[in-house]
Amino acid sequence: MKKVSIIVPFFNEARGVKKFLDGQLTPELELLNNKYKFEIVLVNDGSTDGTLMVIKGAEINRSENVKIISFVRNFGKEMALAAGIKYATGDAIIMIDADGQHPVEAIPKMLEKWENGARIVTTVRRRNKTKHKLGSALFYKIMRLLGNKNIVAGAMDFRLIDRMVADEYNRFTEHHRITRGLIDWLGYPQEYMLVDLKGRMYGSGTYDFRKLIALAGDSFISMSRTPLIIFGYVGVFIMVVSLLVGTFVLIEQYLMGDPMNLDWGAVAVMCVFISFLIGLVMVSQAVMASYIARVHIEKKNRPLYVIDKKETRGINV
Ligand code: UDP
Ligand code: MG
């Protein structure tokens, strides 16, 4: 029987977590018990409100295929997912939020798509009930402008990944990471599935505006070098324009004795000169930035390549 791991990250979810685990997740998985063996990986991301006690007391914890990983302090959801993926042993891995927003009813369909060959099944929210609607629309716009063409708006962290994808994912060593960004980066074809995002059962999202901005910043910086290059081009543009204007002034005013009566003052000439220097500084910064970007890429130490299949004469090895 194939084994499926379910990864759930928790941070201060004491109020809703029992309802989620025993009331939503368990009944859904029970329907599939004759088809799959489930492993539940619960990652407690340094909760301070007794979430761990609640998890331990939950019905689900009586089954022996529950693993609880507890962080010593809060490291953030991305790290919780990283730990979950690392310790999960299933043939497929599904990650789902603990707050009841991700509909467990989608799980059978996700598994079906996996059985039909999908290595990644990504859910996409149908209706956007979150308060960050505008922000997220803007985020996707900018990401696309920055050259991440295949990013899908509304794609969620509620995903299924095949063992092969998980093994590749485990090779990432970078610290500032967006799980879905990295999974997208691996490049395996994905199946998308529309689901309804529900409201949070209790409390409000722990991702406040500040954290979201930081997350967006991480995505922009880690996924794209375009911003650096744009500044370089602006610098080149400024240099070229001031050089043209400067040359014009030199010829018109000083060589030809101002036949057009433009009467360039010393200040104007100085401005042209300074703009030229500013352009020069911007270009040299962009050059420097490309070295830093190189260091950044080397430091991230991403896998050099991602293997799709290994086969000899059509036989998997
Ligand atoms: N979470 C976590 N660590 C954190 C913040 C959140 O493990 O530092 C968990 C949280 O318990 C939930 C999931 O990540 O299971 C999504 O969090 P939240 O609902 O706050 O985010 P949103 O739905 O607003 O994206
Ligand atoms: Mg949530």
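In this report, we go over the structure that sits alongside the text. Numbers given to residues run from 1 along each chain, matching the order in which its sequence is written. Chains and ligands are labelled sequentially in the order written, the chains with letters from A and the ligands with numbers from 1. Local features in this predicted model are restricted to residues of pLDDT 70 or higher, and side-chain atom pairs are both shown and tallied only at a pLDDT of 80 or more, whereas totals for entire chains, interfaces and linings draw on every residue. Side-chain descriptors were evaluated using all non-hydrogen atoms of the structure, hydrogens and water having been removed beforehand.

## Remarks on the overall build of the chain
When its secondary structure is counted, the chain shows ten helices and nine strands. We take the radius of gyration over the C-alpha atoms and set the globule estimate at 2.2 Å times the residue count to the 0.38 power. Relative to its length of 317 residues, the chain is extended, with a C-alpha radius of gyration of 27 Å against a globular reference of 20 Å. Each principal axis of the C-alpha distribution contributes one length, and for the chain these read about 95 × 55 × 35 Å. Here's how the labels work: a residue is buried when its accessible area is under 20% of the maximum for its type, exposed when over 50%, partly exposed in between, all with a 1.4 Å probe on protein chains only. Burial analysis of the chain (317 residues in total) assigns 41% to the buried set. The criterion used for residue contact is that any of the two residues' heavy atoms lie within 4.5 Å. Sequence separation of 24 or more characterises 81% of the internal contacts of the chain that already satisfy a separation of 6 or more. For the area figures, the Shrake-Rupley method with a 1.4 Å probe applies, and any residue is considered shielded solely by the protein chains shown. For the chain, the accessible surface area stands at approximately 18,100 Å², while carbon and sulfur atoms represent 62% of it. Put simply, DSSP marks the helices as runs of H or I at least four residues long and the strands as runs of E at least two long, and each gets a number from the N terminus on.

## Some points on the coordination of the magnesium ion (ligand 2)
Sodium, potassium and calcium take a 3.2 Å donor cutoff, other metals 2.8 Å, and in both cases only N, O and S atoms count; water is not among them, so sites may look incomplete. Protein coordination of the magnesium ion (ligand 2) is provided by Asp99 (OD) and Gln101 (OE1), with donor distances spanning 1.8 to 1.9 Å. Residue aspartate 99 is classed as buried on the basis of its relative accessible area, which comes to 5%. Assessed through its relative accessible area of 16%, glutamine 101 is described here as buried.

## Thoughts on the pairing of strand E5 (residues 120-125)
Within E5, six of the six residues are buried, which leaves it mostly tucked inside the rest of the structure. Side chains Ile120, Thr122 and Val124 of E5 all project onto a buried face; the interleaved residues Val121, Thr123 and Arg125 project onto the opposite face, where all are buried too. DSSP bridges decide pairing: two strands pair if at least two such bridges lie between them. Examined bridge by bridge, E5 and strand E6 (residues 155-162) share four bridges and lie antiparallel to one another. Bridged to valine 121 within E6 is leucine 160.

## Here's the deal with the nonpolar core
For the purposes of this section, nonpolar cores are sets of buried Ala, Val, Leu, Ile, Met, Phe, Trp, Tyr and Cys residues that join through side-chain atoms within 4.5 Å. Judged by nonpolar contacts, the single largest core of 36 residues is most densely connected at Ile6, Leu25, Ile107 and Leu111. The set of elements that each furnish at least two residues to this core consists of strand E1 (2-10), helix H1 (17-30), strand E2 (36-44), strand E4 (92-95), helix H4 (107-115), E6 and strand E7 (190-195). A total of five residues in this core trace back to one element, the largest contributor, which is H1. Beyond its immediate chain neighbours, meaning those up to four positions away, leucine 25 contacts Ile6, Val8, Phe20, Ile40, Ile60, Val104 and Ile107. Core analysis: the second largest hydrophobic core is formed by 23 residues, Leu81, Ala82, Met95 and Val165 among them.

## With respect to the sheet that holds E6
Ordered by their spatial adjacency, seven strands build an open sheet running E3-E2-E1-E4-E6-E5-E7, and the pairing between neighbours is mixed. Strands at the two margins of the open sheet, each flanked by one partner only, are strand E3 (66-70) and E7. With direction set aside, neighbouring strand axes in the sheet form an average angle of 20°. Here E4 runs beside E6; their pairing, made up of four bridges, is antiparallel. Following the sheet pairing, alanine 92 is matched in E6 by aspartate 162. Sitting on the sheet, helix H7 (residues 179-186) touches E4, E5, E6 and E7, and the angle it makes with E6 is about 50°. For helices, the axis comes from a line fit to the C-alpha atoms of the stretch in contact; other axes are also lines fit to C-alpha atoms, and the angle between any two N-to-C directions lies between 0 and 180 degrees.

## Remarks on the packing of helix H9 (residues 226-255) against helix H10 (residues 266-300)
As a packed pair, H9 and H10 sit with axes 7 Å apart at the nearest point and diverge in direction by 155°. Overall, the two elements H9 and H10 adopt an arrangement that is roughly antiparallel. Crossing handedness for the pair H9 and H10: left-handed. Residue classes follow a fixed rule: Ala, Val, Leu, Ile, Met, Phe, Trp, Tyr, Cys and Pro count as nonpolar, while Asp, Glu, Lys and Arg count as charged, and any other residue, Gly among them, counts as polar. Within the contact of H9 with H10, the residues separate by chemical class into 19 nonpolar, six polar and no charged. By definition in this entry, angles of less than 35 degrees are roughly parallel, angles greater than 145 are roughly antiparallel, angles of 65 to 115 are roughly perpendicular, and the rest are oblique. What makes a crossing left-handed is the near helix being turned counterclockwise from the far one by less than a right angle; a clockwise turn instead makes it right-handed.

## Let's talk about unusual backbone geometry
Not every positive phi belongs to a glycine, and asparagine 12 is a case in point at roughly 50°. Assignment of secondary structure puts asparagine 12 in the loop between E1 and H1. In this structure, asparagine 301 is a non-glycine residue whose phi angle is positive, near 55°. Along the polypeptide, asparagine 301 turns up in the loop between H10 and strand E8 (311-312).

## Digging into H9
Expected helix span is given by 1.5 Å per residue-to-residue step, counting one fewer step than there are residues. Counted at 1.5 Å a residue, the expected span for H9 with its 30 residues is 44 Å, and the 42 Å between its end C-alpha atoms agrees. All of the buried residues in H9 are Gly232, Gly235, Met239, Ser242, Val249, Glu252 and Gln253. The elements touched by buried residues of H9 are H10. Downstream of H9 by one or two residues, glycine 257 has phi in the positive range, about 70°.

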